[in-house]
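Listed here are the chains, written in short residue letters.
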Amino acid sequence: MLKLISFYGGLGLILWGIHQSSWASWLHPDIAFIWAFFFFLAYFSHALHQIGWKNDREKFIPFHMASLAIRFIASLLFIGVFGYTGTPEMILFVGNFFVLYLCCTNFEIIGLLRNLRRF
């Protein structure tokens, strides 16, 4: 859990630093909502992984697959809601969303590989 908080705290600091620099035009004004959304999804995914990790780790795979499905559906709904409400600069929004999606997914994959090596 500490790794999760430190990663998202560092990611938030990086986004804040970019927002304060001359590269602020590369960030969508709703980047904070995107960051909070991914932090919530990561916490939810972590909770599901912990539930699957209990009971001799026999239910880890189904819980992991459920977290992936929920993340995918929630991501589609998130982009759909922002698109439906008429968010300005939608291409920039989707670009920022997928860059953060890849960063967060990479963090989750690295964490899972470390845990599965002990499995």
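Owing to the predicted nature of the structure, the values given are computational and were not obtained by experimental measurement.

Right, let's talk about the packing of helix 1 (residues 2-20) against helix 2 (residues 31-53) for a bit. As a packed pair, helix 1 and helix 2 sit with axes 11 Å apart at the nearest point and diverge in direction by 170 degrees. Between helix 1 and helix 2, the angle is such that the two are roughly antiparallel. Between helix 1 and helix 2, the residues in contact are Leu4, Tyr8, Leu11, Gly12 and Leu15 and Ile31, Trp35, Phe38, Phe39, Ala42, Tyr43 and His46, respectively. Grouping the constituent residues of the contact of helix 1 with helix 2 by class yields 10 nonpolar, 2 polar and no charged.

Let us look at the pattern of salt bridges. Counted by the stated rule, this structure contains 1 salt bridge. Note that arginine 71 is salt-bridged to glutamate 108, the shortest N-O span being 2.4 Å. With arginine 71 in helix 3 (residues 60-84) and glutamate 108 in helix 4 (residues 90-117), this pair connects stretches of sequence that are 37 residues apart. Grouping residues by exposure puts arginine 71 and glutamate 108 together as buried.

Here the focus is the side chain of serine 45. With respect to the helices and strands, serine 45 occurs in helix 2. Residue serine 45 is classed as buried on the basis of its relative accessible area of 4%. Those residues in contact with serine 45 that sit more than four places away from it in its chain are Ser67, Arg71 and Glu108.

Rules used throughout
- Residues numbered from 1 in each chain as written.
- Predicted model: local features only at pLDDT ≥ 70, side-chain atom pairs only at ≥ 80, totals over all residues.
- Heavy atoms only, no water.
- Axes fitted to C-alpha atoms, helices over the stretch in contact; angles between N-to-C directions.
- Helix = DSSP H or I, 4+ residues; strand = E, 2+ residues; numbered from the N terminus.
- Parallel < 35°, antiparallel > 145°, perpendicular 65-115°, else oblique.
- Contact = heavy atoms within 4.5 Å.
- Nonpolar A, V, L, I, M, F, W, Y, C, P; charged D, E, K, R; others polar.
- Salt bridge = Lys/Arg side-chain N within 4 Å of Asp/Glu carboxyl O.
- Buried < 20%, exposed > 50% of the residue type's maximum accessible area, 1.4 Å probe, protein only.

Read these as geometric descriptors, not functional statements.
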